[in-house]
Amino acid sequence: MKKTFFSLVGVCLFSLAVAQTPKNVIYVIGDGMGTAQVYTSLVSQKDKSNFLRFPFSGFSRTYSLNRYTTDSGAGGSALMTGHKVENYHIAEGPKGEWWPSIFALGHDQMRKATGFVVTCTVVDATPATTYAHVPNRNMKDTISLQMAQCSHQVMIGCDKARFQKENRHDGTAPIDTLQKRGYDVVYSLKDLKRSKSDRICALLSENDAPGDASVRGPILRQGVEKALEVLSRNPEGFMLMVEGSQIDWAGHNNDAPYLEKEMAEFDEVLGIILDWAEKDGNTLVVVTADHETGGLSLLNGDIKKGATTDYKFTTGSHSGVMVPVFSFGPGAERFSGIQQNVDIPTKILNLLQQK
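The rules behind each value
Counting of residues starts from 1 at the beginning of each chain's written sequence and follows it residue by residue. Thresholds applied to this predicted model are a pLDDT of at least 70 for local features of residues and 80 or more for the giving and counting of side-chain atom pairs; totals over whole chains, interfaces and linings are not thresholded and use all residues. In computing side-chain values, all of the structure's heavy atoms are included and hydrogens and water are not. Working definition: a ring pair exists when centres of Phe, Tyr or Trp rings (six-membered ring for Trp) sit within 6.5 Å. Plane angles under 30 degrees give stacked, over 60 give edge-to-face, the rest tilted. Working definition: helices are DSSP H or I runs of at least four residues, strands are E runs of at least two. Numbering for both runs from the N terminus. A 1.4 Å probe rolled over the protein chains alone gives each residue an accessible area, and that area as a share of the maximum for its type sets the label: buried under 20%, exposed over 50%, partly exposed in between. Two conditions define a charge located above a ring, namely a distance within 6 Å from the ring centre to NZ of Lys or CZ of Arg, and an angle within 35 degrees of the ring normal. Note on pairing: two strands pair once DSSP finds at least 2 bridges between them. Axis lines are fitted through C-alpha atoms, for helices just across the contact stretch, and the angle between N-to-C directions can take any value from 0 to 180 degrees. For this analysis, residues touch if any pair of their heavy atoms sits within 4.5 Å. Polar contacts, as used here, are pairs of N or O atoms within 3.5 Å; protein pairs need one atom able to donate a hydrogen and one able to accept it. Residues neighboring in sequence count only if both atoms are side-chain atoms.

A. Highlighting the packing of aromatic side chains. Enumeration over the complete set of coordinates arrives at five aromatic pairs. Consider the rings of Phe-51 and Phe-266, whose centres lie 6.1 Å apart with planes at 25°: the pair is stacked. Residue Phe-51 is found in the loop between helix 2 (35–44) and strand 2 (56–61), and its partner Phe-266 is found in helix 12 (residues 256–280); the two are separated by 215 residues along the sequence. By relative accessible area, Phe-266 is classed as buried at 2%. Ring geometry for Phe-116 versus Tyr-131: centroids 6.1 Å apart, planes at 20°, classification stacked. Placement of the pair is Phe-116 in strand 3 (residues 113–121) and Tyr-131 in the loop between helix 5 (125–128) and helix 6 (140–148), with a sequence separation of 15 residues. Here the two residues Phe-116 and Tyr-131 agree in accessibility, since each one is buried. Pairwise contacts between aromatic rings join Phe-51, Phe-54, Phe-266 and Phe-326 into one cluster. One Lys or Arg, Lys-84, reaches over the ring of Tyr-63 and ends 3.9 Å from the middle of that ring. Just above the ring of Tyr-187 sits the side chain of Lys-160; from NZ or CZ to the centre is 4.3 Å.

Shown next, in the form of structure tokens:
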């Protein structure tokens, strides 16, 4: 009887451990997204915001290794590597140490398929922290060379010119490297949708992405849909980073209408991701920010009409306040409470390794 009881307990504990080990991870970054930015979504969606679907939430402390207020290089590096670095560094320590991202570790150690989707240049700070190592985020030619050699299967964003030989001073052509490695390099959303390849690099504008969403097109939504289609083919699972890049740009510009549009797009994509994760049942979704931008306060509005009418920005740069963390899926409860930004990737990795 005792043996049977303890055997049942053992089976239950084993089942619980298995249930808490996600097969897939979708890591969503709202660049510059603080609690005020999130609240604009809650108000405008009239309590139908997809943020409300997350069962767990918390906060992240964002300061960098050498500054009270982080930049996106250090903020992204902390979120991707579990190490605080100095401002402007990309996954590289003060003595030149290279810190691997959890995406690189997931690919190398667990055979996960990996990729990213962003609404900025693919060599901007946040996407770069998933694959590159440089002492300054502005070393974009070097970053593009590292991207062309990285292990991601899907890379979707902008900046075609950066990868063409005629636009560079080093005589290299990263596009040629990508094509030789078997990537389908596409330059439009139409061609992205048509692609049947297991390796895709989409460079969807000549330079950085347009700030006008009507000109930019649905890069985030269609990019996420294609990334999920491709990466989910891997039987060992996948890790996908998604960034709402231009939330940050709206904050820098102190532009409330721009911010509202970017948050509406971000909320829509969260809905796509959560629908996919709910159906899959074995996908962890973590949403956070690298920092807050604009020092935004919301002073007045109309809840019934779903409108915030009085935005006050205190800076055109970043602020040092905590940013929100939302989580859904196996192990989601680990991300509640106040934590360091470096704790988040460590918790993700521990879940994948079941520690």
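B. Expanded view of the sheet that holds strand 8 (residues 283–288). Pairing is mixed in the open sheet, where ten strands are placed in the order 5-6-4-3-7-1-8-13-2-14. Looking along the sheet, the strands with just one partner apiece sit at the ends: strand 5 (184–186) and strand 14 (337–340). On average, adjacent strands in this sheet sit at an angle of 15° to one another, irrespective of strand direction. Judged from the three bridges that link them, strand 8 and strand 13 (residues 323–328) form a sheet pairing that is antiparallel. Looking at strand 13, one finds that Val-285 is bridged to Phe-328. Relative to the sheet, helix 3 (residues 72–81) contacts strand 1 (24–30), strand 7 (238–244) and strand 8, its axis offset from that of strand 1 by approximately 165°.

C. Examining the pairing of strand 10 (residues 296–302) more closely. The pairing of strand 10 with strand 11 (residues 307–313) spans six bridges and is classified as antiparallel. Within strand 11, the residue paired with Gly-301 across the bridge is Thr-308. The hairpin turn running from strand 10 into strand 11, its antiparallel successor, is four residues long, and Gly-306 in that turn takes a positive phi close to 70°.

D. Molecular detail of the side chain of Ser-72. Inspection of the secondary structure puts Ser-72 in helix 3. What makes Ser-72 buried here is its relative accessible area of 4%. Separated by 3.5 Å, the side chains of Ser-72 and Asp-31 make a polar contact.

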